[in-house]
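Structural features, examined
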Amino acid sequence: MIGDLGSLASLRRETSRAINAENPTGEPGRGGMAASELGPSRKGSPCLRHIPSGETVTLADIAGPGCIRHIWITVDEKTTDADCFVLRDLVLRFYWDDETEPSVECPLGDFFCCGFGRACLVNSEPVAVVPNRGFNMFFPMPFARHARVTLENQHANEIGAFFYQIDYSLYDDPLPADTAYFHAQWRRQRLTEIGNDYVVLDGVRGEGHYVGTYLALTTLERYWWGEGEFKFYIDGDREYPTICGTGTEDYFGGSWSFAKQVNGKTVEQNYCTPFMGYPYYSAHDELVHNDYHNDDCPPMRGFYRWHIPDPIRFRSDLRVTVQQIGVGHRGFFERQDDVASVAYWYQREPHAAFPTLPDREYRWPR
């Protein structure tokens, strides 16, 4: 488990550090030096201010060996009513050692299981999102020589205030030879193809283990949407996978459509657990009001599944897909929906280059 209580009594050859706007280099004895109207070391620099549109800022630049232990971020969801998708417009990238291609490339919100440009409460072991928009990540992220974390502002306007902290350890000794590196990749298909499974992840080469899926589903057809099966093609699988589930809600730990009956209507139930959850449902745009149209949206659903007790191991390659299959009174049918996802995994470096991240307009929710 990520938080192993049994190991807390063991001393380790590590040094604790933290990077934020108060100490952007993480140097010892250099935190909180900036002054405010209250005087020296009194909240003089709590955040990054006025990040221009189009600019990339470095959040952390760390010499190893070490391991990122925790990331905390908060930022406003919108800058104006016309520009309200900040969480899809800001892009996080992580680079390990001397690589030029990122091992993590993801819109900020989706990285923390908050798709659709909207924050929601998430209560899981590796990801927690708490009021209000407190984004937390606890996946350990080791690095042998160097770690660099960047934020690109692809939003139309400047970001007035960006708060963050990256907590990490520096090691006295080199990383073990069997250390794998953390990766995360965002994808989207605005309209899936009839009979063709949505691809969560492919092109992975090397040895590693798959540790999680975040799914942001916008349903575009009526009736039940969740009969599609998750498939894991492992180490040479081609036509058929080694692991094939029994349905979308089953993969996220639920069953029977997450449903309960309320006043004669079928209602899906949201939930969060340590390793699987359905934290978000909405068919409304809660952030924007307009006197001349209502707030209806296509139904949006967000899910997470962490393979922490049950990582999916691969030695040479991995591909992950999910079907779009629905069911109604007439039986099963092939669907077309709008699907986005984040895949999380560890592997030995080097990794294959990611597909090009789509432009911000393509990433916006419907």
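Residues numbered from 1 in each chain as written. Predicted model: local features only at pLDDT ≥ 70, side-chain atom pairs only at ≥ 80, totals over all residues. Heavy atoms only, no water.

An unreviewed UniProt entry lists the chain under the name DUF2961 domain-containing protein, with Bifidobacterium aerophilum given as the organism.

**Digging into the overall build of the chain**
Of the regular secondary structure elements, the chain holds 4 helices and 29 strands. Here the chain has a C-alpha radius of gyration of 21 Å; the compact-globule value for 366 residues is 21 Å, and the two agree. By principal-axis analysis of the C-alpha atoms, the chain measures approximately 70 × 55 × 40 Å. Put simply, the chain has 366 residues, and 49% of those count as buried. (Helix = DSSP H or I, 4+ residues; strand = E, 2+ residues; numbered from the N terminus. Rg over C-alpha atoms; globule rule 2.2 N^0.38 Å. Buried < 20%, exposed > 50% of the residue type's maximum accessible area, 1.4 Å probe, protein only.)

**Digging into the pattern of salt bridges**
Using the criterion set out here, one finds 22 salt bridges in the structure. Between Arg319 and Asp202 there is a salt bridge; the shortest N-O distance is 3.9 Å. Here Arg319 is found in strand S26 (residues 317-322), whereas its partner Asp202 is found in strand S16 (residues 198-205), with 117 residues between them in sequence. When the shortest N-O distance is used, the salt bridge between Asp337 and Arg335 registers 2.7 Å. Across the pair, Arg335 and Asp337 agree in class, each one buried. When salt bridges that share partners are traced, they join Arg12, Glu14 and Arg69 into one network. (Salt bridge = Lys/Arg side-chain N within 4 Å of Asp/Glu carboxyl O.)

**A closer look at the pairing of strand S23 (residues 276-284)**
Examined bridge by bridge, strand S22 (residues 271-272) and S23 share 2 bridges and lie antiparallel to one another. For Tyr271, the partnering residue across the bridge sits in S23 and is Tyr278. Direction of pairing for S23 relative to strand S24 (residues 296-306): antiparallel, over a ladder of 6 bridges. Looking at S24, one finds that Ser282 is bridged to Met300. (Pairing = 2+ DSSP bridges.)

**Here's the deal with the nonpolar core**
With 65 residues, the main nonpolar core has Phe111, Phe112, Phe162 and Tyr344 as its most contacted residues. A per-element tally of this core places strand S14 (residues 159-171) first, with 6 residues. Ranked by size, the runner-up nonpolar core spans 26 residues in total, among them Ile234, Phe258, Leu318 and Trp345. (Core = buried A, V, L, I, M, F, W, Y, C linked by side-chain atoms within 4.5 Å.)

**Focus: the packing of aromatic side chains**
In total, this model carries 33 aromatic pairs according to the counting rule given. An angle of 40° between the planes, with centres 6.3 Å apart, marks the rings of Phe232 and Tyr251 as tilted. Of the two residues, Phe232 is situated in strand S18 (residues 230-234) and Tyr251 in helix H3 (residues 248-251); the sequence distance between them amounts to 19 residues. Classification of Phe232 by relative accessible area gives buried; the value is 2%. By relative accessible area, Tyr251 is classed as buried at 10%. Members of the aromatic cluster, connected to one another through ring pairs, are Phe94, Trp96, Phe111, Phe112, Phe135, Phe139, Phe143, Phe182, Tyr304, Trp306, Tyr344 and Tyr346. The positively charged end of Arg148 is found above the aromatic ring belonging to Tyr95, 4.1 Å away from the centroid. Over the aromatic face of Tyr233 sits the side chain of Arg319, whose NZ or CZ is 5.8 Å from the ring centroid. (Phe/Tyr/Trp six-rings, centres within 6.5 Å; stacked < 30°, edge-to-face > 60°. Lys NZ or Arg CZ within 6 Å of the ring centre and 35° of its normal.)

**With respect to the sheet that holds strand S19 (residues 243-244)**
One open sheet holds the 4 strands; their spatial order is S16-S26-S18-S19, and the pairing between them is antiparallel. For this open sheet the edge positions go to S16 and S19, each flanked by a neighbour on one side alone.

**Some details on the side chain of Asn153**
As for its position among the elements, Asn153 is in strand S13 (residues 146-153). Using a relative accessible area of 0% as the deciding quantity, one classes Asn153 as buried. Only 3.2 Å separates the side chain of Asn153 from the backbone oxygen of Asn157, close enough to count as a polar contact. In this structure Asn153 touches Ile51, Pro52, Ser53, Gly54, Glu55, Asp89, Leu90, Glu158 and Ile159, once residues within four positions along its chain are discounted. (Polar contact = N/O pair within 3.5 Å; in protein donor to acceptor, adjacent residues only side chain to side chain. Contact = heavy atoms within 4.5 Å.)

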